[in-house]
Amino acid sequence: MMRPPLPPFDLESAKAKVLAAENAWNTRDPERVAAAYTEDSVWRNRDEFFTGRDAIVEFLTRKWSIENGYALRKDLWAFEGNRIAVRFQYEWHDESGQWWRSYGNEQWEFTPEGLMSRREASINDVRIEESDRRIFGPRPEGDESVLPQQ
């Protein structure tokens, strides 16, 4: 199965890959997201380590059952060959209604077919007031704004 854009990445194809990932994650559909990864994709997400699409689906199902109102923005940080680094922010609220902004960095590695074979994510959560939110659903069409520093 081919998942364009394919490596080696240039600036435009790396940006397109990042936006495609952002769009998929904003659907909060674990099966759709997992389809972009190899059957044996290796993940580190915070302090969790797991391998394979089934584990990805299980992880994302659990994640989005807790992170209510999830909305994400990703920004290309660097790329070379078959690797891309991104920084991201997403906002969500817990069951009590407390809002959070999660900040992170990811390193991605791709197969020649454009499937992600490795994903490593470091993420920190910051409590925010609902009035401090700045991410409201998927990115509007044509919006290529860069994430704020804070």
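Before any of the text, the structure's been laid out above.
Not measured: the values here are computed from a predicted model.

Caption draft 1: Quick look at the environment of Arg44. Within the secondary structure layout, Arg44 lies in strand 1 (residues 37–45). A sequence separation of 74 residues divides Arg44 from Arg118, and the C-alpha atoms of the two residues are 8.5 Å apart. With residues up to four places along the chain from it excluded, the contact list for Arg44 reads Phe49, Arg119, Glu120, Ala121 and Ser122.

Caption draft 2: The arrangement of the pairing of strand 6 (residues 116–128) in detail. Where strand 1 meets strand 6, five bridges bridge the pair, whose relative direction is parallel. Bridge pairing in strand 6 links Val42 to Arg118. Two elements, strand 5 (residues 99–110) and strand 6, share twelve bridges in a ladder whose sense is antiparallel. Looking at the pairing, Gly104 lines up with Ile123 of strand 6. What sits between the antiparallel neighbours strand 5 and strand 6 is a turn of five residues, in which Gly114 has the positive phi angle 90 degrees.

Caption draft 3: Structural view of the pattern of salt bridges. In this structure the tally under the stated criterion is 13 salt bridges. Taking the shortest distance from any N to any O, the salt bridge between Arg87 and Asp75 comes out at 3.1 Å. Of this pair, Arg87 sits in strand 4 (residues 83–93) while Asp75 sits in strand 3 (residues 68–80); the two residues are twelve residues apart in sequence, bridging distant segments of the chain. Across the pair, exposure class does not vary: Arg87 and Asp75 are buried alike. Of the charged contacts in the structure, one is a salt bridge between Arg118 and Glu120, with a shortest N-O distance of 2.7 Å. Among the residues examined, Arg118 registers a relative accessible area of 34% and is labelled partly exposed.

Caption draft 4: Quick look at the packing of aromatic side chains. Overall, the coordinates contain twelve aromatic pairs when judged by the stated rule. An aromatic cluster is built from Trp25, Tyr37, Trp43, Phe50, Phe59, Trp64, Tyr70, Phe88 and Tyr90, whose rings are joined through pairwise contacts. Stacked on the ring of Phe88, the Lys or Arg Lys74 has its end atom at 5.0 Å from the ring centre. Sitting over the face of the ring of Trp43, Arg119 holds its NZ or CZ atom 4.3 Å from the ring centroid.

Parameters at a glance
- Residues numbered from 1 in each chain as written.
- Predicted model: local features only at pLDDT ≥ 70, side-chain atom pairs only at ≥ 80, totals over all residues.
- Heavy atoms only, no water.
- Helix = DSSP H or I, 4+ residues; strand = E, 2+ residues; numbered from the N terminus.
- Contact = heavy atoms within 4.5 Å.
- Pairing = 2+ DSSP bridges.
- Salt bridge = Lys/Arg side-chain N within 4 Å of Asp/Glu carboxyl O.
- Buried < 20%, exposed > 50% of the residue type's maximum accessible area, 1.4 Å probe, protein only.
- Phe/Tyr/Trp six-rings, centres within 6.5 Å; stacked < 30°, edge-to-face > 60°.
- Lys NZ or Arg CZ within 6 Å of the ring centre and 35° of its normal.

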